[in-house]
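The primary structure of each chain is shown beneath.
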Amino acid sequence: NAGVTQTPKFRVLKTGQSMTLLCAQDMNHEYMYWYRQDPGMGLRLIHYSVGEGTTAKGEVPDGYNVSRLKKQNFLLGLESAAPSQTSVYFCASSYSRQGGYEQYFGPGTRLTVT
Amino acid sequence: KQEVTQIPAALSVPEGENLVLNCSFTDSAIYNLQWFRQDPGKGLTSLLLIQSSQREQTSGRLNASLDKSSGRSTLYIAASQPGDSATYLCAVSRDAGNNRKLIWGLGTSLAVNP
């Protein structure tokens, strides 16, 4: 059981380039999330999905797009990267349990935009 | 607007000491509160989830308490070990209909010295 995996682990982009981050989970979770983590800012939710074929905006969605074509995968796209998108990106997934949604995190992708 | 604060930002203790990490939140209308651990360069691991109707949860040497009325939670770590060194984050969810969205603190960086 691999849990939540993310690819790539590291990436350097030039301003204006595009890329896609892939998140995969093998726990059959309905919910999936993309966060970014920046020093002094904490974790912020970019987009999330409550099921296959659905997506919704989080706190900081601008400049990002997502897709959930398969239940186990959640893709985060940057169409035109900007230096402000330099961050560590975390994917998470969760199931429904009594009292709330316990989230399971991937190891993160460190992205630098120059 | 819900805000989550964790004090102290950093803590260094000798091995074997019992310690308490603090988390406070401004809006008592929460659905649950979660404590996570983050190791350097790694993703987050869920430690404990406390439902709003509960007062505490325990897992091994960890005990988390919740006082909604005062907007506080504490994470108690008994007999600390060097392996406990990590950043500990707390996060609250707002309500049952929207509890997939977590509001995060900035974390407490813990160093346990041999």
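Whatever comes next refers back to the structure up there.
Fair warning: this is a prediction, and the values are worked out from it, not measured in the lab.

So, how was this worked out
- Residues numbered from 1 in each chain as written.
- Chains lettered and ligands numbered in written order.
- Predicted model: local features only at pLDDT ≥ 70, side-chain atom pairs only at ≥ 80, totals over all residues.
- Heavy atoms only, no water.
- Helix = DSSP H or I, 4+ residues; strand = E, 2+ residues; numbered from the N terminus.
- Rg over C-alpha atoms; globule rule 2.2 N^0.38 Å.
- Buried < 20%, exposed > 50% of the residue type's maximum accessible area, 1.4 Å probe, protein only.
- Contact = heavy atoms within 4.5 Å.
- Areas by Shrake-Rupley, 256 points an atom, 1.4 Å probe, with all protein chains shown as cover.
- Lys, Arg positive; Asp, Glu negative; His and termini not counted.
- Charge placed at Lys NZ, Arg CZ, Asp CG, Glu CD.
- Pairing = 2+ DSSP bridges.
- Axes fitted to C-alpha atoms, helices over the stretch in contact; angles between N-to-C directions.
- Buried area = accessible area lost by both parts, 1.4 Å probe.
- Salt bridge = Lys/Arg side-chain N within 4 Å of Asp/Glu carboxyl O.
- Polar contact = N/O pair within 3.5 Å; in protein donor to acceptor, adjacent residues only side chain to side chain.
- Disulfide = S-S within 2.5 Å.

Caption draft 1: Main features of the overall build of chain B. Tallying secondary structure elements over chain B gives zero helices and eleven strands in all. Mapped in sequence order, the helices and strands of chain B form the string β-β-β-β-β-β-β-β-β-β-β. Relative to a compact globule of 114 residues, whose C-alpha radius of gyration would be 13 Å, chain B shows 14 Å and is just as compact. For chain B, the spread of C-alpha atoms along the principal axes amounts to about 45 × 30 × 20 Å. When the 114 residues of chain B are sorted by exposure, 45% land in the buried category. Within chain B, residue pairs in contact and separated by at least 24 positions form 54% of the contacts whose partners lie at least 6 positions apart. Accessible area of chain B: about 5,200 Å², with a carbon and sulfur share of 47%. One way to put it: in chain B the 10 positive side-chain charges average out to a point 8 Å from where the 9 negative ones average out.

Caption draft 2: Quick peek at the sheet that holds strand β8 (residues 73-78) of chain A. Residues and elements named next belong to chain A. Taken in spatial order, the four strands line up as β1-β3-β8-β7 in an open sheet, and their pairing is antiparallel. The open sheet has two edge strands, β1 (4-7) and β7 (64-67), and neither has a second partner. Put simply, the sheet's adjacent strands are angled 20° from each other on average, direction ignored. Pairing analysis gives four bridges linking β1 to strand β3 (residues 19-25), with the strands arranged antiparallel. Within β3, the residue paired with Val 4 across the bridge is Gln 25.

Caption draft 3: Summary view of the interface of chain B and chain A. Each side of the interface is counted separately: chain B has 18 residues, and chain A has 23 residues. For the pair chain B and chain A, the summed buried area comes to about 1,800 Å², and 55% of that belongs to carbon and sulfur atoms. The tally of links between chain B and chain A comes to zero salt bridges. Connecting chain B to chain A are two residue pairs in polar contact (both at pLDDT 80 or more).

Caption draft 4: Quick peek at the environment of Ile 30 of chain B. All names here are of chain B. Its location among the elements puts Ile 30 in the loop between β3 (19-25) and β4 (32-38). Residues Ile 30 and Ser 69, 39 residues apart in the sequence, show an inter-C-alpha distance of 10 Å. In this structure, Ile 30 is in contact with Gln 2, Phe 25, Ser 52, Leu 66, Lys 68, Val 92, Ser 93 and Arg 94, ignoring residues within four places of it in sequence.

Caption draft 5: Spotlight on the state of the cysteines. Counted according to the given criterion, the structure contains two disulfides over all chains. Here Cys 23 of chain A connects covalently by a disulfide to Cys 91 of chain A, the sulfurs 1.8 Å from one another. Residues Cys 23 of chain A and Cys 91 of chain A share a disulfide whose torsion about the S-S bond is about -75°; that sign makes it left-handed. Of the two residues, Cys 23 of chain A is situated in strand β3 and Cys 91 of chain A in strand β9 (residues 87-94); the sequence distance between them amounts to 68 residues. Across this residue pair, the class does not change: Cys 23 of chain A and Cys 91 of chain A are buried. With its sulfur 1.9 Å from that of its partner, Cys 23 of chain B forms a disulfide with Cys 90 of chain B. On the sign convention where negative means left-handed, the S-S torsion of about 70° between Cys 23 of chain B and Cys 90 of chain B marks this disulfide as right-handed. With Cys 23 of chain B in strand β3 and Cys 90 of chain B in strand β9 (residues 86-93), this residue pair connects regions lying 67 residues apart in the sequence.

Caption draft 6: Broad picture of the pattern of salt bridges. Counting across every chain of the model gives five salt bridges over all chains. Between Arg 36 of chain A and Asp 38 of chain A there is a salt bridge, with the nearest N and O atoms lying 2.8 Å from each other. The same class applies to Arg 36 of chain A as to Asp 38 of chain A, namely buried. Among the ionic pairs, Asp 39 of chain B bridges to Arg 37 of chain B, the shortest N-O distance being 2.9 Å. On the basis of relative accessibility, which here comes to 23%, the residue Asp 39 of chain B falls in the partly exposed class. Here the residues in one salt-bridge network are Arg 36, Asp 38 and Arg 44 of chain A, joined through shared partners.

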